Amino acid sequence: MSIEAFFRDRRIPLQSFDMKPYDLRAWFLVLPALVIVTFVGILPLIAVTNYSFQDLFSLNNPYWVGVDWYRNIVTSERFYASLGRSFLFSAIVLSIQVPLGIGIALLLQRSSQVIVSTVLVLITVPLVVPWNMIPVIWLNFINPNAGLAGKMLAWLGIGFDYKFNALHTWIVLVVMDTWHWLGLVVVLAYAGISSIPAAYYQAAAIDAASQWQVFRFIQLPKMKTVLSMAVLLRFMDSFMIYIEAFRINAGGPDSATAFLSLDLGEEILSFNYGPSAARSIVYFLIVLTVAWTFKAAMSAGATATAPTEEPIT
Amino acid sequence: MKSSPSWGRIALFAVIGVFILVPLAQTIITSFVSTLPRAGIAEGHFSLVNYQNILHSTALKDSIVNSIIYVVLNVALCLGVGLPAAYAFARYSFAGDRQLFFLLLVFRITPTVVLSLPIFVLFAQIGLANTPVGIALVHCVFNIPISIWILEGFISAVPREFDETAFLDGHSLPSFFFRHLVPAIAPGIGVAAFFCFIFSWVEVVLARILTTTGGKPITMAINGLFGFRTDFGLVMAMTVLAVVPGIAMIYFVRNHLAKGFVIRT
């Protein structure tokens with residue numbers, strides 16, 4: 001049996017195994033996409049870089065200030081405090097949503113099609129709620145006078161106060177973010193699991209592999225690409241959480257939930273062009289670092305796991 | 001690996017269902033309650049008054065139209081430029097392809113608040129502020145990468161012999177695209193359209209900064225409802241309307257939802 005036929009029979013895309021022809025004319029096909037991305041992504045970035053070195057009382061009277069705005073940011077304690085809070089928030093969110101999402105996807109994988117469809121539809125509903133409405137829904141829900149959760153907590157005698165108790169604000173934000181985004185992790189994890197050919201499980205059954213071994217040596221490696229995508233998306237979105245956190249408590253109490261984006265949003269809304277441009281660039285550099293680390297980790301992982309990619313049948 | 005249903009698993013799914021649905025249920029209930037004192041309706045009782053008020057408000061009805069215009073335009077744009085690009089990535093290697101892929105990744109994860117200031121200035125200068133067209137264009141920055149990734153995954157799953165046969169039959173590239181490739185990856189196009197739709201529909205930072213005076217989408221119209229005496233019933237009724245199209249989309253792609261999202265770097 002030829003290697004191509006082998007992979008085709010197992011519905012493994014050939015694409016990843018053979019070389020794609022080299023053809024520079026492919027640029028014509030990506031050009032329209034590139035033009036739009038340049039217009040709405042690259043040009044604004046160039047403009048914002050330009051602003052970040054200037055004092056712009058109005059856009060017509062620029063005054064060159066060099067790296068002053070940057071110096072202000074990297075020497076301010078407020079920046080590092082916000083950075084720390086954003087990292088902590090992302091860490092909590094990831095450590096809850098990723099295991100939970102994988103767990104649900106594993107359970108789905110053993111369920112019938114009807115249950116899979118129902119759960120997937122249900123769990124993705126919060127994804128289609130506009131972001132400014134998510135805090136409104138939750139504030140309504142935890143309202144002690146009218147909200148179901150608020151009344152429940154009051155009935156249980158729990159003095160829940162998300163306005164003035166920092167821990168309670170954090171709990172609301174984490175629970176709300178999990179409600180909002182769990183569906184994305186489940187969909188991605190389930191996509192990874194359902195791409196595993198049945199032959200892998202049959203081979204595992206012949207070897208009398210335990211459930212843990214099946215997870216550790218078959219499911220987890222096969223889920224790796226989509227899972228890392230889920231981690232990347234969840235990390236970035238939680239790290240830069242803005243509207244949701246702002247609406248719940250505007251960074252309070254006492255700046256306990258002042259994340260990176262809230263500082264930037266505040267400056268943009270007060271039309272401090274120069275400082276907010278510098279802050280945008282600093283944040284963009286963080287994004288760039290994260291994306292690069294992700295890419296490096298993915299290519300390293302691809303090389304390292306290359307031998308195990310071979311079919312075990 | 002399909003086994004008989006276990007009650008523990010069903011119970012767990014039920015708990016998740018409750019967690020997801022209860023906050024929404026309260027929103028739906030509030031949307032059917034009159035939350036401000038009105039002549040003829042007891043406050044706090046069941047009523048359709050909120051939905052009737054939407055029908056009577058030009059601003060709210062316009063916002064629904066604006067939202068639909070920009071989201072349809074955005075999905076059409078992203079699929080239109082995403083499909084050829086995805087084909088290029090799936091079938092060819094070319095100078096700079098990896099760098100371009102990385103660039104798309106970076107723009108997908110760049111928080112919109114980072115780009116909002118220059119986009120506001122740029123779009124105001126060229127007359128794209130306060131129009132649904134402006135929002136549709138701006139949302140391409142995170143949706144074009146999404147559409148390219150998803151479509152690339154689906155195109156890669158089609159064997160290359162499929163293309164070669166069509167070309168041998170005398171099809172040109174455009175003719176092959178519309179007569180063979182698009183039907184072959186129809187579920188993928190559905191999934192890509194779905195993800196472009198939701199990410200554009202729910203985005204509010206760029207939508208807000210671009211529609212300070214006009215062209216407001218649903219999200220911004222809802223923001224405008226908050227004031228000294230907020231009619232929460234009306235807010236919740238608008239929220240319910242804002243979620244309905246998304247739920248319809250989920251229902252249409254439910255069987256393909258989990259298939260297309262495999263991203264290579």
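The structure displayed is predicted, hence computed values, not measured ones. (Residues numbered from 1 in each chain as written. Chains lettered and ligands numbered in written order. Predicted model: local features only at pLDDT ≥ 70, side-chain atom pairs only at ≥ 80, totals over all residues. Heavy atoms only, no water.)

Draft legend 1. Molecular detail of unusual backbone geometry. In the Ramachandran plot, A:Ala208 falls in the positive-phi region, its phi being about 55° despite a non-glycine side chain. One non-glycine residue, B:Asn130, lies in the positive phi region at around 60°. Of note, B:Asn130 is situated in the loop between α5 (112-125) and α6 (132-138). Overall, B:Asn130 belongs to the partly exposed group, its relative accessible area being 25%. (Helix = DSSP H or I, 4+ residues; strand = E, 2+ residues; numbered from the N terminus. Buried < 20%, exposed > 50% of the residue type's maximum accessible area, 1.4 Å probe, protein only.)

Draft legend 2. Quick peek at α5(B). All names here are of chain B. In a regular helix each residue adds 1.5 Å, so 14 residues correspond to 20 Å; α5 covers 20 Å between its end C-alpha atoms and thus fits that length. Of all bends in α5, the biggest is about 35°, found at Pro 118. Burial within α5 is extensive, with 11 of its 14 residues counted as buried. Thr 112, Val 113, Val 114, Leu 115, Ser 116, Leu 117, Pro 118, Ile 119, Phe 120, Val 121 and Phe 123 are the residues of α5 that are buried. Once α5 ends, the next one or two residues include Gly 127, with phi positive near 75°. (Expected span 1.5 Å × (residues − 1). Bend = angle between axes of the 7 residues up to and from the residue.)

Draft legend 3. Expanded view of the side chain of A:Thr178. Mapped onto the fold, A:Thr178 is located in helix α8 (residues 166-194). In this structure the side chain of A:Thr178 is engaged in a polar contact, spanning 3.4 Å, whose partner is the side chain of A:Gln97. (Polar contact = N/O pair within 3.5 Å; in protein donor to acceptor, adjacent residues only side chain to side chain.)

Draft legend 4. A look at the pattern of salt bridges. As enumerated under the stated definition, the model contains six salt bridges over all chains in all. The partner of A:Arg71 in a salt bridge is A:Asp68, with the nearest N and O atoms 3.5 Å apart. Taken together, the residues A:Arg71 and A:Asp68, both in helix α3 (residues 68-74) and three residues apart, mark about one turn of the helix. Take A:Arg71: its relative accessible area is 48%, and that puts it in the partly exposed class. A:Asp68 gets classed as partly exposed once you look at its relative accessible area, which sits at 34%. Here B:Asp163 and B:Arg91 are joined by a salt bridge, their closest N and O atoms 2.8 Å apart. Here the residue B:Asp163 occupies a position in helix α8 (residues 160-168), and B:Arg91 occupies one in helix α3 (residues 58-91), the gap between them amounting to 72 residues. Of the two residues, B:Asp163 and B:Arg91, neither departs from the other in class, the shared state being buried. (Salt bridge = Lys/Arg side-chain N within 4 Å of Asp/Glu carboxyl O.)

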